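# Examining the three-dimensional arrangement
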Amino acid sequence: SSIYFYNDSQNPDPVAPPTSGYTLAVSDFVPNVQLEIVPTGCASARVPVIVNIGAQSANDVGVIEIVDPVDGIYKTNAENVTVKVKNFGSAPQTNVPVSYVMDNGTVVNETITTTIPANDSLDYTFTQTANMLTTGVNYYFKAWTGLTTDANHSNDTLDGTVGHLIPTYCIS
């Protein structure tokens, strides 16, 4: 593997960057750096990993976990939907729009009025519950935040499935 670094003012040739002769110390300040890790070897579906290094955005929130519901038996027509929302930004956030949809149905839109401190998270339970009454079904959930000033939309959304499992009975 090779590691290349690109910079808006330090890279002498952005089309064909140098592969040696450049080092960065921990104390160096290099604005707007992009690191690219390129695996070498036989052909495969691997793709380069690109890491952008820069100042932390003030406004950046996203859903990082669907806390509830979880797979299980005896689901109801009124299951609580709880998501963990992370403030990735450097500024506290209040009045964060948050939404979810189950099985491409009606989108539920609500607002988190509690302040989420910088670099912290909170669990938010929607007032609108989910109908998961049908046994043996995997329900698809998608949840996201909608902060209009969000600087990074790539971490806003999370999705997954939750199963209403069929109980196993034992005849003795």
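Residues numbered from 1 in each chain as written. Predicted model: local features only at pLDDT ≥ 70, side-chain atom pairs only at ≥ 80, totals over all residues. Heavy atoms only, no water.

## Observations concerning the nonpolar core
If you look at the biggest cluster of nonpolar residues, it comprises 23 residues, and the most contacted ones within it are V83, Y100, F126 and F141. For this core, the secondary-structure elements that each account for two or more residues are β4 (61-68), β5 (82-87), β6 (96-102), β7 (108-112), β8 (121-125) and β9 (137-145). Looking at which element gives the most residues to this core, the answer is β6, with four residues. With residues near it in sequence (within four places) discarded, F141 still touches I66, P69, V81, Y100, V101, M102, A130, M132, L158, D159, G160 and V162. (Core = buried A, V, L, I, M, F, W, Y, C linked by side-chain atoms within 4.5 Å. Buried < 20%, exposed > 50% of the residue type's maximum accessible area, 1.4 Å probe, protein only. Helix = DSSP H or I, 4+ residues; strand = E, 2+ residues; numbered from the N terminus. Contact = heavy atoms within 4.5 Å.)

## A short note on the sheet that holds β9
The strands that make up a sheet are held in pairs by hydrogen bonds between backbone atoms, and each pair lies either parallel or antiparallel. On the basis of which strands lie adjacent, the open sheet formed by four strands has the order β7-β6-β9-β10 and antiparallel pairing. At either end of the open sheet lies a strand with only one pairing partner, and these are β7 and β10 (157-164). Taken over all neighbouring pairs, the strand axes of this sheet differ in orientation by 25° on average, direction set aside. (Pairing = 2+ DSSP bridges. Axes fitted to C-alpha atoms, helices over the stretch in contact; angles between N-to-C directions.)

## Section: the sheet that holds β5
With antiparallel pairing, three strands are arranged side by side in an open sheet as β4-β5-β8. Strand pairing shows two members of the sheet lacking a second neighbour, β4 and β8, which therefore form its edges. Strand after strand, the sheet turns through a mean of 30° between neighbouring axes, direction not considered. The pairing of β5 with β8 spans five bridges and is antiparallel.

## Examining the pairing of β6
Across the seven residues that make up β6, a large majority, six, are buried. Sheet topology note: the β6/β7 ladder contains five bridges and is antiparallel. Bridging from a neighbouring strand, S99 pairs with N109 of β7. Following β6, the chain reverses through five residues before pairing antiparallel with β7; D103 in that reversal takes a positive phi of roughly 50°. Sheet topology note: the β6/β9 ladder contains five bridges and is antiparallel. Its bridge partner being in β9, Y100 is matched across the sheet by A143.

## Remarks on the packing of aromatic side chains
Inspection of the entire model under this criterion finds three aromatic pairs. A centroid spacing of 4.7 Å and a plane angle of 70° characterise the contact between Y100 and F126, whose relative ring orientation is edge-to-face. One end of the pair, Y100, is in strand β6; the other, F126, is in the loop between β8 and β9, and 26 residues separate them in sequence. Among the residues examined, Y100 registers a relative accessible area of 3% and is labelled buried. Through a chain of ring-to-ring contacts, three or more aromatic side chains come together here, namely Y100, Y124, F126 and F141. The cationic tip of K142 hangs over the ring face of W144; the distance from NZ or CZ to the ring centre is 5.9 Å. (Phe/Tyr/Trp six-rings, centres within 6.5 Å; stacked < 30°, edge-to-face > 60°. Lys NZ or Arg CZ within 6 Å of the ring centre and 35° of its normal.)

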